[in-house]
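If you want the building blocks of each chain, they are given just below.
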Amino acid sequence: MSFERNTDAPPIVYKSLNTVLSESVHGFLAGATYGAAWGAVTPFPPPGSTNTVGMTMPLRPFSSLHAITSNALIFGSVVGVYNLSMKCMELARRKEDGFNSLFGLGAMAGYIQFISKTEERIVRHNRVVGWGLLGMIGYANLVAPFFGGGN
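What counts as what
- Residues numbered from 1 in each chain as written.
- Predicted model: local features only at pLDDT ≥ 70, side-chain atom pairs only at ≥ 80, totals over all residues.
- Heavy atoms only, no water.
- Helix = DSSP H or I, 4+ residues; strand = E, 2+ residues; numbered from the N terminus.
- Buried < 20%, exposed > 50% of the residue type's maximum accessible area, 1.4 Å probe, protein only.
- Contact = heavy atoms within 4.5 Å.
- Salt bridge = Lys/Arg side-chain N within 4 Å of Asp/Glu carboxyl O.

Some points on the environment of V81
- With respect to the element layout, V81 can be found in helix 3 (residues 65-93).
- Of the residues examined, V81 reaches a relative accessible area of 22% and is grouped as partly exposed.
- Setting aside its immediate chain neighbours within four residues, V81 contacts A107, M108 and Y111.

A look at the pattern of salt bridges
- Taken as a whole, this structure holds 3 salt bridges when the rule is applied.
- As a salt-bridge pair, R93 and D97 come within 2.7 Å of each other at their nearest N and O atoms.
- Owing to a relative accessible area of 31%, R93 belongs among the partly exposed residues under this scheme.
- Here D97 falls in the partly exposed class, since its relative accessible area comes to 25%.
- Note that E120 is salt-bridged to R124, the shortest N-O span being 2.6 Å. In this pair, E120 and R124 both sit in helix 5 (residues 119-143), 4 residues apart, roughly one turn of the helix.

What about the side chain of N71?
- Positionally, N71 belongs in helix 3.
- Residue classification places N71 among the buried positions, given a relative accessible area of 15%.
- Aside from chain neighbours lying at most four places away, what touches N71 is G35, W38, G39 and T42.

See below:
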C-alpha cells in the first residue's frame, strides 16, 4: 500500500465566476459566524458606542448585542474580501497555489487598513455592509421568487 501523491489527478481549478462568488459568500458567512461568537464574549465595547464601562473595565460576556453584530460584520467582510481576492486570482491564473493566498492576504490587509483608519469609518463600514446584506436577503426572498430572478 503506497501513500504517494496521485499526480494523474487534475488540479482543482475554479472555472466560473459563480463558483468564485459562492466561495466568497461562504467566507463571509463563516467569518460572520466567528465574528458573532467573538462579539458575544469580547470584553471591548463596539465601535461608536458611548459605553465608558468597557474603557475602564472589561464588559461582561453577552452584555452587548451591538458588539455581536458589529464584530460579525467586520469579521465577515474581512474573510469575504480574502476569499474573493484569492479565488479571483485563482480564476485568472488557472492555478491553485500559495501565491493566490498571498494575494488574498495582501488584499485583506489593505482592506483592514482602509476600514480601520478611524472609528467613524468602522461604523460607516458596518452600516454599508449591514444594509447590503439586508438588501440581498430581501431581494432573494421578495423580488427574485416573484419576478423571475431564479431559474
